[in-house]
Amino acid sequence: DPVAGFRWPLDGVPAVTRRFDPPPQPWLPGHRGVDLASSSGATVRAAGPGVVAFAGMVAGRGVVSVQHANGLRTTYEPVEPSVAAGAAVAAGAPIGALVAGHAGCPVAACLHWGLRRGEVYLDPLTLLGFGRVRLLPLHGPEETG
């Protein structure tokens, strides 16, 4: 089920170009969010209501983080922020403009959208009611008899 009050951080229903693939251990490489296809300059919107926790540069990329209820925090990069830390935002409120150049992006520009609760990374698509794809068991039901 979708989490009340959350929406896509881009207009429409963007294509997911890279899924959430958390590392088995926090220090190992992985993909701690999803990449959404878009175009340079696209409006990036707060996925849910909250308060801007961070808006600025991290390692040469523009990043915006929004703190939500229930200890949830969403992050958006690479963006040119249009908000400042401490600003209250509604779901869908513009928080910046998408910048091209996200590594591994197969289209003009990709938004990396992340979700954390505390230090634990979660799949942001769960906010929209799209759970992690469950893999079917390798073997069928146990045969009886």
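So, a few notes on the structure that sits alongside this text. Note that the structure is a prediction, hence the values are computed from the model and not measured.

With that settled, the discussion passes to the overall build of the protein chain. When helices and strands are counted, the protein chain shows zero helices and eleven strands. Beginning at the N terminus, the succession of helices and strands in the protein chain can be written as β-β-β-β-β-β-β-β-β-β-β. Residue burial in the protein chain is summarised as follows: out of 145 residues, 38% are buried. Long-range pairs, those at least 24 residues apart, make up 59% of the contacts in the protein chain with a sequence separation of at least 6. Counting every atom, the protein chain has about 8200 Å² of accessible surface; 58% of that belongs to carbon and sulfur.

Going through the model one piece at a time under the given rule, you end up with one disulfide. Shown here is the disulfide that connects C105 with C110, its sulfur atoms set 2.1 Å apart. For the disulfide bridge between C105 and C110, the dihedral angle about the S-S bond is near 80 degrees, and by the sign convention the bridge is right-handed. Like C110, C105 is buried.

Bringing the sheet that holds strand β9 (residues 94–98) into the picture now. Sheet strands associate in pairs through backbone hydrogen bonding, adopting either a parallel or an antiparallel arrangement. Spatially, β3-β9-β7 is the arrangement adopted by the three strands of the open sheet, whose pairing is antiparallel. The open sheet terminates on both sides in strands that have one partner only, identified here as β3 (43–45) and β7 (79–81). Across the sheet, the axes of successive neighbouring strands diverge by a mean angle of 40 degrees, strand direction being ignored. Judged from the three bridges that link them, β3 and β9 form a sheet pairing that is antiparallel. Note on β9: the bridge partner recorded for T43 is A97.

Rules of the game
Residues numbered from 1 in each chain as written. Predicted model: local features only at pLDDT ≥ 70, side-chain atom pairs only at ≥ 80, totals over all residues. Heavy atoms only, no water. Helix = DSSP H or I, 4+ residues; strand = E, 2+ residues; numbered from the N terminus. Buried < 20%, exposed > 50% of the residue type's maximum accessible area, 1.4 Å probe, protein only. Contact = heavy atoms within 4.5 Å. Areas by Shrake-Rupley, 256 points an atom, 1.4 Å probe, with all protein chains shown as cover. Disulfide = S-S within 2.5 Å. Pairing = 2+ DSSP bridges. Axes fitted to C-alpha atoms, helices over the stretch in contact; angles between N-to-C directions.

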